[in-house]
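# What the coordinates show
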Amino acid sequence: MSKLLIRSLTLLTGFSLLTGCNAYQPTKDVWKGTKSLWNTYISQPAVVNYDERGNLSPHTLALTNSMMGIDVELGRLERAMLNADRPPTHEWLSEFFAMFPWVSGFAGVKYDGTILGQEPAENLKQLDFVPLLYEDKKQSSRALRADVQPSPLGPEILLAAPLYDGTDFLGVVAVYFDMRTLMSFSDSPDEIVILSPQALLWPGKYDFAATPLSTINWADVVTKSSAGTCSNATGSFYYMVRYLGNLPLIFAVPETGSFPEGDRSLEQGYAFFPQEREKLSPPPQPERKTRADIATGPAFATDERVAQGEIQPGSQESMLLNAQQPKTAVVQERQLESEEKIPVKRKERPYQRRKIVHAPMPAVEQEPELPPPSSMERPSPFGPRRDEDAKPTFERPSPFGPGEEKPLDEKTIPPDASEPAVMAPEAAKKQALPESTEEVQEPAVLPGGRPSPFGPH
């Protein structure tokens, strides 16, 4: 049927596109029609039917209506206690009691069982907070813990949140209440019975001894099922388990039969639940040592000089004196059954610090200092300086040929025996040029009497 519907829709869509794409009907209108067909037959939008109530059985519906308001209040209390992971203040307590007026009181308990504070300070029911200090192995160490305390005035439910300083357990903050104060939040409190494996919390209008709920070991049942039916010769009850922290609470309503009514007192449950429990001692906790405890501990008080007051406790000198006392290390070795147990003595070797000897560095021979290079006196290619004290340079033959001969002035050249004699230009020319048999041609003379730089004609 679905395949046929898809094929019909495909053909209809193609026909709409062929006939609709003309000048009188734009493509947008065709797409609107195709989309409406898709949402109508292929992908229908989800619709919530508020008139549908489901197929709940009458006893399940009765249990839901009876425990819904109580469950909401217990959930609010659990969320508030999960956030109470630090010591409370007076303002926080005032807001807490205004939010939960059905709560009996609040207390802070140290890890050794000492009550640090309680509000209100006096309580008619004698409560024991020590069971809340024990961690349940089936849950997280920081999860909520709960307990039921039976008393002549009625059972009290305790709910606690553990406090930690890092990994150190400090104690708990606990709240306690009576289940009877929550019956105002139930739509039909007379039709419901509330109990725990330790006590009867609310009997409703029924005689608890006549119900099948009084003949069941609830400590064993809650570990195997969370809901079910229990019955006797009179009729049956339908129950559901709801956990408050690690405490199972059983809510039950009649399913079949007619049960006799009682006086609605909690004393009718005393014959079925134990009223006396073994009193527990606080769990052992490792001592939390502070720096002051470490400094004044017995390890520093054993020294005689410390006891006499010569050395202050915790000083570095007292630690050194205590460290001078040698302690032999005992090593226990596993012995086989066939071997004789022979004591093994180990020689203690005194600790010696290894000395590190550094090898001397080889001497580095220093290179002899060389005298600074002296500049040799050479004739400057730029000619003599204009200073009066400058020494004249030797004349060299010009590459442009001989120029005008000018006689040297004897005044400009001081006589010096260490300098070589100045030769005439012709003699210097003959000495610089090699002897040749060819005749040397005279250079061409330019107008003005100067020799031509291009040589002879």
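You'll find the structure just up there.
Residues numbered from 1 in each chain as written. Predicted model: local features only at pLDDT ≥ 70, side-chain atom pairs only at ≥ 80, totals over all residues. Heavy atoms only, no water.

### Things to note about the packing of aromatic side chains
Applicable threshold: Two rings from Phe, Tyr or Trp (for Trp, the six-membered ring) form a pair when their centres sit within 6.5 Å of each other. Planes less than 30 degrees apart are called stacked, planes more than 60 degrees apart edge-to-face, and all others tilted.
According to the stated counting rule, one finds 14 aromatic pairs in the structure shown. On the numbers, 6.0 Å between centres and 75 degrees between planes, the contact of Phe 96 with Phe 97 is edge-to-face. Between the aromatic rings of Phe 96 and Phe 100, the centroid separation amounts to 5.1 Å while the plane-to-plane angle is 50 degrees, which identifies the pairing as tilted. These aromatic residues form a ring-pair network of at least three members: Trp 92, Phe 96, Phe 97, Phe 100, Trp 102, Phe 106 and Phe 177.

### With respect to the side chain of Ser 186
Convention followed: Working definition: helices are DSSP H or I runs of at least four residues, strands are E runs of at least two. Numbering for both runs from the N terminus. Any pair of nitrogen or oxygen atoms within 3.5 Å is treated as a polar contact; in protein, a donor-acceptor pairing is required on top of that, and neighbouring residues in sequence qualify only through side-chain atoms on both sides. By the convention used here, residues are in contact when the closest approach between their heavy atoms is within 4.5 Å.
On the secondary structure map, Ser 186 appears in the loop between β5 (168-177) and β6 (193-195). Within polar-contact distance, the side chain of Ser 186 engages the backbone nitrogen of Ser 188 at 3.4 Å. Apart from the residues within four sequence positions on either side, Ser 186 is in contact with Ser 66 and Ile 70.

### So, the pairing of β5
Under the convention used in this document: Whether a residue is buried, partly exposed or exposed follows from its accessible area with a 1.4 Å probe, protein chains only, as a fraction of its type maximum: under 20%, in between, or over 50%, in that order. Paired strands, in this sense, are two strands between which DSSP finds at least two bridges.
Of all the 10 residues making up β5, eight are buried; the element is thus mostly covered by neighbouring parts of the structure. Pairing between strand β1 (residues 105-110) and β5: six bridges, direction antiparallel. Bridging across to β5, Ala 107 finds its partner in Ala 174. In terms of strand pairing, strand β4 (residues 156-165) meets β5 through nine bridges, oriented antiparallel. Its bridge partner being in β5, Leu 158 is matched across the sheet by Tyr 176. Hairpin connection from β4 to β5: two residues lie between these consecutive antiparallel strands, with Gly 166 at a positive phi of about 70 degrees.

### Notes on a nonpolar patch on the surface
The test is simple: Patch definition: residues with relative accessible area over 30% and no salt bridge; like charges joined within 9 Å; nonpolar side chains (Val, Leu, Ile, Met, Phe, Trp, Tyr) joined within 5 Å. Residue-level accessible areas treat just the shown protein chains as cover; the underlying method is Shrake-Rupley with a 1.4 Å probe. A pairing counts as a salt bridge when a side-chain nitrogen of Lys or Arg comes within 4 Å of a carboxyl oxygen of Asp or Glu.
Where nonpolar side chains cluster on the molecular surface, the patch consists of Trp 38, Tyr 41 and Ile 42 and spans about 320 Å² of accessible area. By the element assignment, Trp 38 lies in helix α2 (residues 27-42).

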